[in-house]
Amino acid sequence: MKDKKTLITIIVLLVIFLPIGVFGTIKSFSATKPDVKDDNPNKEFKYNNKLYFYYNDKLLSTYECSSCTLASSSIDDINYHTNYYKSENNELASVINEYYGLFKENDNIILYNLVNSKKIDAYKSIKNYNIDATSKFAITEKSNGMGVIFFDLSSSPIPNEYEYISLPAHIIDNKLDTSKFIVKKDNMWSIISANKEVDVAQIIDEIVDFNDNYYITYANDTYHVYDRNNIEYLENLPKTNVYGVGKYIFVLNNNQLFIYENCLNPVIKIMELPNYNSIYFYQNNNKIDIMIDGNLQETLEL
């Protein structure tokens, strides 16, 4: 009887942990790992055809390679209408934390185990928007599609089975919110959580943004606002862009900004904005900062 219980326990553990096998190999510990010899006088990423991975000024690992370089974030969002964060620097850090490193080797981006000094995986491309985020994540692309990995193990990986994955620029307390993703699969669009729960089921139209009550699409050369029952709102309001900002819907019509909370009710605020190249809405301390071209335009207390 005891052996039977033991067998059942082993089977249950295998069912739980096999799907995250990649992460079992990534975050493997070695208490007896010797110090890595540091022969890099200026602590450069690449020196004498070798890569050096430093974390908090300590050399964790090296990798010999004459053709390797730093990896870059590949922003494919320019092909869509997602309200994504546009960083001025797309170069990826070579060290993510004390366990993971990244570098480009030939045409692949390599995920590297800094503990065991071994390659873990290879990707066609990686995307992370180069801004502090609520998790250590990367949107990855393989030959079979796009997925998401979480280097801090805050969630299990989203499998590489999507045509497109993106995050709208929901910046809360100066961090990009990574709790929900816009995904495209089989030419259908949906919203899923980091835990792979479906928030908005598949639809035909391109999803570009959302909040907890509404999602925003782009179709027929204009923007549309729907609730979770797929009922459309604000159809007659001209729109050059629409954003989900916390519990609010921000509608831009060129330089006019219309702010709604419940789209069945009248607009709660109308603003005239100056000309701009970029605009973001930062949610900080229950206030909303309107950032225009990198400068604070106004702080809203709604």
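These notes cover the structure that comes with them. The numbers attached to residues start from 1 for each chain and follow its sequence in the written order. Only residues with pLDDT of 70 or above have their local features reported here, since the model is predicted, and side-chain atom pairs are shown and tallied only from 80 upward, although totals for entire chains, interfaces and linings are computed over all residues. Hydrogens and water are ignored here; the side-chain numbers use all heavy atoms of the structure.

**Concerning the pairing of strand β5 (residues 108-113)**
Among the six residues that make up β5, five are buried, leaving the element largely enclosed by the rest of the structure. At least two DSSP bridges between two strands are needed for those strands to be called paired. Helix and strand definitions here come from DSSP, where helices need a minimum of 4 consecutive H or I residues and strands a minimum of 2 consecutive E residues; each element is numbered from the N-terminal end. Pairing of strand β4 (residues 100-105) with β5, which is carried by six bridges, proceeds in the antiparallel orientation. Paired with Leu102 across the bridge in β5 is Leu111. The loop that links β4 with its antiparallel partner β5 comprises two residues; one of these, Asn106, has a positive phi angle of about 60 degrees. For β5 and strand β6 (residues 118-123), the ladder comprises five bridges, and the chain directions are antiparallel. Its bridge partner lying in β6, Ile110 is registered against Ala122. Hairpin connection between β5 and β6: a loop of four residues separates the two successive antiparallel strands, and Ser117 in this loop has a positive phi of roughly 55 degrees. Categorising residues by exposure relies on relative accessible area from a 1.4 Å probe, with only protein chains included: less than 20% of the type maximum marks a residue as buried, more than 50% marks it as exposed, and the intermediate range marks it as partly exposed.

**A closer look at the nonpolar core**
Here the nonpolar core consists of buried residues drawn from Ala, Val, Leu, Ile, Met, Phe, Trp, Tyr and Cys, with membership extended through side-chain atoms lying within 4.5 Å. If you look at the biggest cluster of nonpolar residues, it comprises 25 residues, and the most contacted ones within it are Tyr129, Phe137, Ile139, Val148, Ile165 and Phe181. Elements that contribute at least two residues to this core include exactly β8 (137-142), β9 (145-150), β10 (158-162), β14 (180-185) and β25 (279-284). Counting residues per element, this core draws most heavily on β9, which supplies three residues. Each residue touching Ile165, except ones within four places of it in the same chain, is listed here: Lys127, Tyr129, Ile139, Met146, Gly147, Val148, Phe181, Ile182 and Val183. In what follows, residue pairs with any heavy atoms lying within 4.5 Å of each other are defined as contacts.

**Description of the state of the cysteines**
Between two cysteines, a covalent bond joining their sulfur atoms is known as a disulfide. Only a pair of cysteine sulfur atoms within 2.5 Å counts as a disulfide in this structure description. Inspection of every chain in the model, using the stated rule, returns one disulfide. For Cys65, the disulfide goes to Cys68, at an S-S distance of 2.0 Å. Judged by the torsion about the S-S bond (85 degrees), the Cys65/Cys68 disulfide is right-handed. Cys68 shares its class with Cys65; the two are buried.

**Looking at the pattern of salt bridges**
When a carboxyl oxygen of Asp or Glu is within 4 Å of a side-chain nitrogen of Lys or Arg, the pair counts as a salt bridge. Summed over the entire model, instances satisfying the criterion amount to 14 salt bridges. Lys180 is the partner of Asp199 in a salt bridge, and the nearest nitrogen-oxygen pair spans 3.6 Å. With Asp199 in strand β16 (residues 198-203) and Lys180 in strand β14, this residue pair connects regions lying 19 residues apart in the sequence. The exposure class assigned to Lys180 is buried, which follows from its relative accessible area of 18%. Notably, a salt bridge pairs Lys247 with Glu261, separated by 3.6 Å at the nearest N-O pair. Of the two residues, Lys247 is situated in the loop between β21 (241-245) and β22 (248-253) and Glu261 in the loop between β23 (256-260) and β24 (269-272); the sequence distance between them amounts to 14 residues. Overall, Lys247 belongs to the partly exposed group, its relative accessible area being 45%. Here the residues in one salt-bridge network are Lys180, Asp199, Asp212 and Arg228, joined through shared partners.

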